[in-house]
Amino acid sequence: NAGVMQNPRHLVRRRGQEARLRCSPMKGHSHVYWYRQLPEEGLKFMVYLQKENIIDESGMPKERFSAEFPKEGPSILRIQQVVRGDSAAYFCASSRDYQETQYFGPGTRLLVL
Amino acid sequence: KNEVEQSPQNLTAQEGEFITINCSYSVGISALHWLQQHPGGGIVSLFMLSSGKKKHGRLIATINIQEKHSSLHITASHPRDSAVYICAVGLGGGSEKLVFGKGTKLTVNP
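Parameters at a glance
- Residues numbered from 1 in each chain as written.
- Chains lettered and ligands numbered in written order.
- Predicted model: local features only at pLDDT ≥ 70, side-chain atom pairs only at ≥ 80, totals over all residues.
- Heavy atoms only, no water.
- Salt bridge = Lys/Arg side-chain N within 4 Å of Asp/Glu carboxyl O.
- Helix = DSSP H or I, 4+ residues; strand = E, 2+ residues; numbered from the N terminus.
- Buried < 20%, exposed > 50% of the residue type's maximum accessible area, 1.4 Å probe, protein only.
- Contact = heavy atoms within 4.5 Å.
- Disulfide = S-S within 2.5 Å.
- pLDDT = per-residue confidence, 0-100.
- Pairing = 2+ DSSP bridges.

Here's the deal with the pattern of salt bridges
In the structure shown here, the tally under the stated rule is five salt bridges over all chains. The closest approach of N and O atoms between A:Glu100 and A:Arg96, which form a salt bridge, is 3.2 Å. Notably, a salt bridge pairs B:Asp81 with B:Arg58, separated by 2.9 Å at the nearest N-O pair. One end of the pair, B:Asp81, is in the loop between strand 8 (69-74) and strand 9 (83-90); the other, B:Arg58, is in the loop between strand 6 (52-56) and strand 7 (59-64), with 23 residues separating them in the sequence. The buried category is assigned to B:Asp81, whose relative accessible area is 7%.

What follows is the structure in structure tokens.
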């Protein structure tokens, strides 16, 4: 059973470009969480999704950031018009059900030049 | 004040020592998680607990709900235990988002 997959593992973008981060949860998991780890800072919650639904997006910046988890395919975290402050590691986690153990992916390291 | 506080921030030990990392939280929680982040950045879930004590190999996690406190113990520490250990709490209430402590960086010397 493959673990949580994230791609790309590293992403370089110039200011103003778009970044798309993908997360494939573990097989049988329908709950996905996105977290961000800024350099030298702790992890922060961004968004919690179930298939086709956003359950909690209280940690998402109001502008430029969006997330989806379609019926088919991976969850996508999209950052439009990236700025240098978006440079961070973005981790996805998945769980089989609500209030169960979350399994983390390897992360995507985003660098904005 | 952070909702989740960990101590110590940094910890250096000699191989074989018994290690304790502490976590205190100030909010109501559905569960507490202990995570391990290796130098390469990958994150592994070690424990999820809402009461009592759990043990896995050389790792033991305890939680005291009344005191809002948890401890992670490592027995017979080894250099391969060197990592950042992160305490996180699930807030429940319809969203199992995690709120994280800042982590404890553990270095175990041979």
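Concerning the environment of A:Met46
Residues and elements named next belong to chain A. Looking at the element boundaries, Met 46 is found in strand 5 (residues 43-50). Note on Met 46: relative accessible area 1%, which makes it buried. For the pair Met 46 and Tyr 90, spaced 44 residues apart in the sequence, the C-alpha separation amounts to 9.5 Å. Setting aside its immediate chain neighbours within four residues, Met 46 contacts Trp 34, Tyr 35, Arg 36, Asp 56, Glu 57, Ser 58, Gly 59, Met 60, Pro 61, Phe 65, Leu 77 and Tyr 90.

Describing the state of the cysteines
A covalent bond between the sulfur atoms of two cysteines is referred to as a disulfide. For the structure shown, the criterion picks out two disulfides over all chains. Across the disulfide, A:Cys23 is cross-linked to A:Cys92 (sulfur-sulfur distance 1.7 Å). As the torsion about the S-S bond is roughly -40°, the A:Cys23-A:Cys92 disulfide counts as left-handed. Of this pair, A:Cys23 sits in strand 3 (residues 19-24) while A:Cys92 is found in strand 9 (residues 88-95), placing the two residues 69 residues apart along the sequence. Residue classification places A:Cys92 among the buried positions, given a relative accessible area of 0%. The disulfide partner of B:Cys23 is B:Cys87, and the S-S distance across this bridge is 1.9 Å. Between B:Cys23 and B:Cys87, the disulfide has an S-S torsion of -60° and is therefore left-handed. In this pair, B:Cys23 sits in strand 3 (residues 19-25) while B:Cys87 sits in strand 9, placing the two residues 64 residues apart along the sequence.

Quick word on the confidence of the model for chain B
Considering every residue of chain B, the mean pLDDT works out to 93; 98% of them sit at 70 or more. The secondary-structure element of chain B with the lowest mean pLDDT is strand 10 (residues 98-100) of chain B, recorded at 93, while strand 8 of chain B shows the highest, at 98.

Remarks on the pairing of strand 6 of chain B
Residues and elements named next belong to chain B. Taking burial as the measure, the five residues of strand 6 include zero buried ones, a minor fraction of the element. Bridge count for strand 6 against strand 7 is five bridges, and the pairing is antiparallel. Pairing of His 56 across the sheet is with Leu 59, part of strand 7. Hairpin connection between strand 6 and strand 7: a loop of two residues separates the two successive antiparallel strands, and Gly 57 in this loop has a positive phi of roughly 65°.

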